[in-house]
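Geometric and topological summary
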Amino acid sequence: MTEVRRTAAASAPLWERDEEVAALAEAVDTLCADRSSSGSLLVLRGEAGLGKTALLAETRRIAEQRGCTVWSARGGETLRSVPFNVVRQLLQPALVSMLPEEAREYLGEWYDIAGPALGIAEPGDGHVDPRSVCDGLVAAVSRLARRDWPLVLLIDDAHWADQETLHWLSAFAERLTDLSVLVVVARRPGEVSGVAARHLEAVAAAADR
Ligand SMILES: Nc1ncnc2c1ncn2[C@@H]1O[C@H](COP(=O)(O)OP(=O)(O)OP(=O)(O)O)[C@@H](O)[C@H]1O
Ligand SMILES: [Mg+2]
């Protein structure tokens, strides 16, 4: 049911998911082994009820056991039109723990552009290019991933994520060659169309590399 492929066996409370759990555990181990290693992106793709959320919970358990920081978020069918909803959820633990001046430091020159998307800065008057916001979020999450290494990001129900988050995710996926962070995305096949579908395809392509 998934696009993850590895062979080692692992014990897990899930039936017939040893291969997926082993791949997820291996990805966590790789992340924890070396902070200068490349990151990775795994996509769990399957129909409703096949255990995607359960696998993400297992990933969290394994990652926390290994001492990782784990942040998670999920798409919501009724929240698809709320820009940056999912990435804001994802970064919530970092954002609430930071003083305003720290947040400004982590966003650096991107603060005025990406801060409003994250709900930590007032929007300015002028038009903001969505691509710049996306670039700012990529830069901000990259800094946080270095600060909080080993960091695992879990995104459930990505087929319902807002398209701005999916744009960020597809751009962030491109950074993983030189950023040690593990991203696990769960999604149903279908349920998504248009721009969001294209971003999800780019995410899947990055996962295959
Ligand atoms: N392989 C499995 N072994 C044991 N229990 C499982 C397995 N797969 C799913 N379950 C159980 O089935 C229920 C549904 O699984 P889960 O919520 O993880 O599915 P899902 O793929 O996330 O579905 P959806 O697309 O609706 O979110 C849960 O109670 C889960 O623990
Ligand atoms: Mg689920």
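What you see is a predicted model; the values in this text were computed from it and never measured.

1. Description of the pairing of strand 3 (residues 151–156)
Most of strand 3 sits inside the fold, with 6 of its 6 residues counted as buried. Bridging between strand 2 (residues 69–74) and strand 3 involves 6 bridges; their strand directions are parallel. Paired with A73 across the two strands is I155, which belongs to strand 3. In terms of strand pairing, strand 3 meets strand 4 (residues 181–187) through 5 bridges, oriented parallel.

2. Description of the confidence of the model for the protein chain
Averaged over every residue, the pLDDT of the protein chain is 91; residues scoring 70 or more account for 94%. The low-confidence segment residues 5–12 (pLDDT under 50) makes 15 contacts with residues lying over four places distant or belonging to another chain.

3. Examining the sheet that holds strand 2
In spatial order, the strands read 1-4-3-2; together these 4 strands make up an open sheet with parallel pairing. In the strand order of this sheet, the two ends are held by strand 1 (40–45) and strand 2, each with one partner. The sheet shows a mean angle of 15° between the axes of neighbouring strands, direction not considered. Helix 8 (residues 194–208) rests against strand 1 and strand 4 of the sheet, and its axis sits at about 120° to strand 1.

4. What about the state of the cysteines?
Considering all chains together, one arrives at 0 disulfides under this definition. Cysteine C68 shares no disulfide, and the gap to the nearest cysteine sulfur, in C32, comes to 3.4 Å. Residue class for C68 comes out buried when judged on its relative accessible area of 9%.

5. Digging into the packing of helix 7 (residues 163–174) against helix 8
Two quantities define a packed helix pair, namely the angle between the axes and the distance from one axis to the other. Where helix 7 meets helix 8, the axes come as close as 9 Å, and the angle between the chain directions of the two elements is 25°. As summarised for this structure, helix 7 and helix 8 are arranged roughly parallel, according to the angle between their axes. Once helix 7 is placed against helix 8, the crossing between them reads as left-handed. Between helix 7 and helix 8, the contacting residues are Q163, L166, H167, L169, S170 and A173 on the first element and V195, A196, H199, L200, A202, V203 and A206 on the second. Residues belonging to the contact of helix 7 with helix 8 are distributed by class as follows: 9 nonpolar, 4 polar and no charged.

Calculation rules
- Residues numbered from 1 in each chain as written.
- Chains lettered and ligands numbered in written order.
- Predicted model: local features only at pLDDT ≥ 70, side-chain atom pairs only at ≥ 80, totals over all residues.
- Heavy atoms only, no water.
- Buried < 20%, exposed > 50% of the residue type's maximum accessible area, 1.4 Å probe, protein only.
- Helix = DSSP H or I, 4+ residues; strand = E, 2+ residues; numbered from the N terminus.
- Pairing = 2+ DSSP bridges.
- pLDDT = per-residue confidence, 0-100.
- Contact = heavy atoms within 4.5 Å.
- Axes fitted to C-alpha atoms, helices over the stretch in contact; angles between N-to-C directions.
- Disulfide = S-S within 2.5 Å.
- Parallel < 35°, antiparallel > 145°, perpendicular 65-115°, else oblique.
- Left-handed = near helix turned anticlockwise from the far one by under 90°.
- Nonpolar A, V, L, I, M, F, W, Y, C, P; charged D, E, K, R; others polar.

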